[in-house]
Amino acid sequence: MYDALLAETVTLTGHGGDRIEAYSARPLTPGPLGGVVVIHHMPGYDRATKEIVRRFAAEGYAALCPNLYSREAPGAAPEEAAAIARARGGVPDERLVGDVAGAVRELRGLTSSDQRVATVGYCSGGRQSLLAACRLDLQAAVDCYGAFAARRPPEDFPLAVTPVTPLLGDLSCPLLGLFGAEDATPSPEETAELAAALTAEGKKYEFHTLDGAGHAFFAVDRPRYRPEPALEGWRLLLDFLARHIGTASTAQPAA
């Protein structure tokens, strides 16, 4: 079994033609490969997120994570960049969609691509994954505990975000939601509201609320990490991707 990977920092063309940093990982096989755009959490484009990108590559996908804070803080440490972005109200929705569209183009432009692409987002990236799937042509989308998809944030919330529910009629693909039963953002009540809105629009989705998990249960480098829910979450996520964008069909090295 040939299992070599190529992982590297690259640049891609995002919203407005801006060149932004991204992290790429893919199997060194000729393909065909499905693609995964990883949308990082609010704490930023960090080491743990890059590990997730490499995990998708090890599972047989070409994966790419754009640094959504490239413009605010080029070259800054993840926490510093996240603080700067948060102080400016977060990543505007239009810019997010443009940056994800750029990542989708990059993945589909690979000679090994089979043209099927999914988005997978964590925390703020969960909402953004759903948003992107309502604005772009995708084959699958995954929302990992993304808040404020169905409800407005509190008045004093520092980020300028709005619900995605008005856009659900344009959802282009099946959606997987992975949530924690002990989470407050989003709470089980909010995810139920999102599920009801998806049902009303006749969209394909599957939601799983995992016991023993709160917010950020996938985050291996944070106190909120919960191994058992995370393992189950990975199982559900990979099963969903295999059904909707497939896995690598060959184990031969690239020429």
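Check the entry above for the structure.
Owing to the predicted nature of the structure, the values given are computational and were not obtained by experimental measurement. (Residues numbered from 1 in each chain as written. Predicted model: local features only at pLDDT ≥ 70, side-chain atom pairs only at ≥ 80, totals over all residues. Heavy atoms only, no water.)

Draft legend 1. Main features of unusual backbone geometry. Looking along the chain, the bond that leaves G31 and enters P32 is cis, with omega of 0°. Cis geometry is found at the peptide bond from T185 to P186, where omega equals 10°. With respect to the secondary-structure elements, P186 resides in the loop between β7 (175–180) and α5 (188–200). Positive phi is not limited to glycine here, since Y145 has a value of about 45°. Mapped onto the elements, Y145 comes out in the loop between β6 (140–144) and β7. (Helix = DSSP H or I, 4+ residues; strand = E, 2+ residues; numbered from the N terminus.)

Draft legend 2. Expanded view of the nonpolar core. Grouped together as the largest cluster of nonpolar side chains are 81 residues, with contacts concentrated most on V36, F56, Y122, L130, F218, L237 and L241. Not counting the four nearest positions on each side in its chain, F218 is found in contact with Y122, C144, Y145, L178, Y225, A230, G233 and W234. (Core = buried A, V, L, I, M, F, W, Y, C linked by side-chain atoms within 4.5 Å. Buried < 20%, exposed > 50% of the residue type's maximum accessible area, 1.4 Å probe, protein only. Contact = heavy atoms within 4.5 Å.)

Draft legend 3. Seen up close, the pattern of salt bridges. Following the criterion strictly, the structure yields 13 salt bridges and no others. A salt bridge links R71 to D18; its shortest N-O distance comes to 2.7 Å. In this pair, R71 is assigned in the loop between β4 (62–66) and α2 (78–87) and D18 in the loop between β1 (5–13) and β2 (19–27), connecting sequence segments 53 residues apart. By relative accessible area, D18 is classed as partly exposed at 32%. D99 serves as the salt-bridge partner of R71, at 2.8 Å between the closest nitrogen and oxygen. Of this pair, R71 sits in the loop between β4 and α2 while D99 sits in helix α3 (residues 93–108); the two residues are 28 residues apart in sequence, bridging distant segments of the chain. For R71, a relative accessible area of 25% gives the class partly exposed. Taking relative accessible area as the criterion, D99 reaches 0% and is therefore assigned buried. Because the salt bridges share partners, they merge into one network encompassing D18, R71 and D99. (Salt bridge = Lys/Arg side-chain N within 4 Å of Asp/Glu carboxyl O.)

Draft legend 4. Looking closely at the packing of aromatic side chains. For the coordinates displayed, the defined rule picks out nine aromatic pairs. For the ring pair F218 and W234, a centre distance of 6.0 Å and an interplane angle of 80° mean the geometry is edge-to-face. Here F218 is found in the loop between β8 (205–210) and α6 (227–244), whereas its partner W234 is found in helix α6, with 16 residues between them in sequence. Across the pair, W234 and F218 agree in class, each one buried. (Phe/Tyr/Trp six-rings, centres within 6.5 Å; stacked < 30°, edge-to-face > 60°.)

Draft legend 5. How the structure looks around the packing of helix α1 (residues 47–58) against α6. With their axes 12 Å apart at the nearest point, α1 and α6 run at an angle of 50° to one another. Between α1 and α6, the crossing angle belongs to the class labelled oblique. Relative to α6, α1 is oriented so that their crossing is right-handed. Here I52, R55 and F56 of α1 lie close against α6, whose contacting residues are W234, L237, L238 and L241. Looking at the contact of α1 with α6 residue by residue, the classes come out as six nonpolar, no polar and one charged. (Axes fitted to C-alpha atoms, helices over the stretch in contact; angles between N-to-C directions. Parallel < 35°, antiparallel > 145°, perpendicular 65-115°, else oblique. Left-handed = near helix turned anticlockwise from the far one by under 90°. Nonpolar A, V, L, I, M, F, W, Y, C, P; charged D, E, K, R; others polar.)

Draft legend 6. Structural view of the sheet that holds β2. The eight strands lie next to each other as β1-β2-β4-β3-β5-β6-β7-β8, forming an open sheet whose pairing is mixed. Looking along the sheet, the strands with just one partner apiece sit at the ends: β1 and β8. The mean angle between the axes of side-by-side strands here comes to 20°, regardless of whether they run parallel or antiparallel. Of the strand pairs in this sheet, strand β5 (residues 113–122) and β6 are connected by five bridges, and their pairing is parallel. By the bridge assignment for β6, T119 is matched with A141. (Pairing = 2+ DSSP bridges.)

Draft legend 7. Local environment of the layout of surface pockets. A volume near 650 Å³ is recorded for the largest pocket. In terms of lining, the largest pocket is formed by 35 residues, of which the most central are M42, P43, C123, S124 and H215. Counting only elements with at least two residues in the lining of the largest pocket, the list comes to α1 and α4 (124–135). Its residues placed into classes, the lining of the largest pocket shows 20 nonpolar, nine polar and six charged. (1 Å grid on protein atoms, 1.4 Å probe; cavity = no way out; pocket = protein on both sides within 12 Å on 5 of 7 lines; lining within 4 Å. Points joined across faces, edges and corners; volume = space filled by probe spheres on them.)

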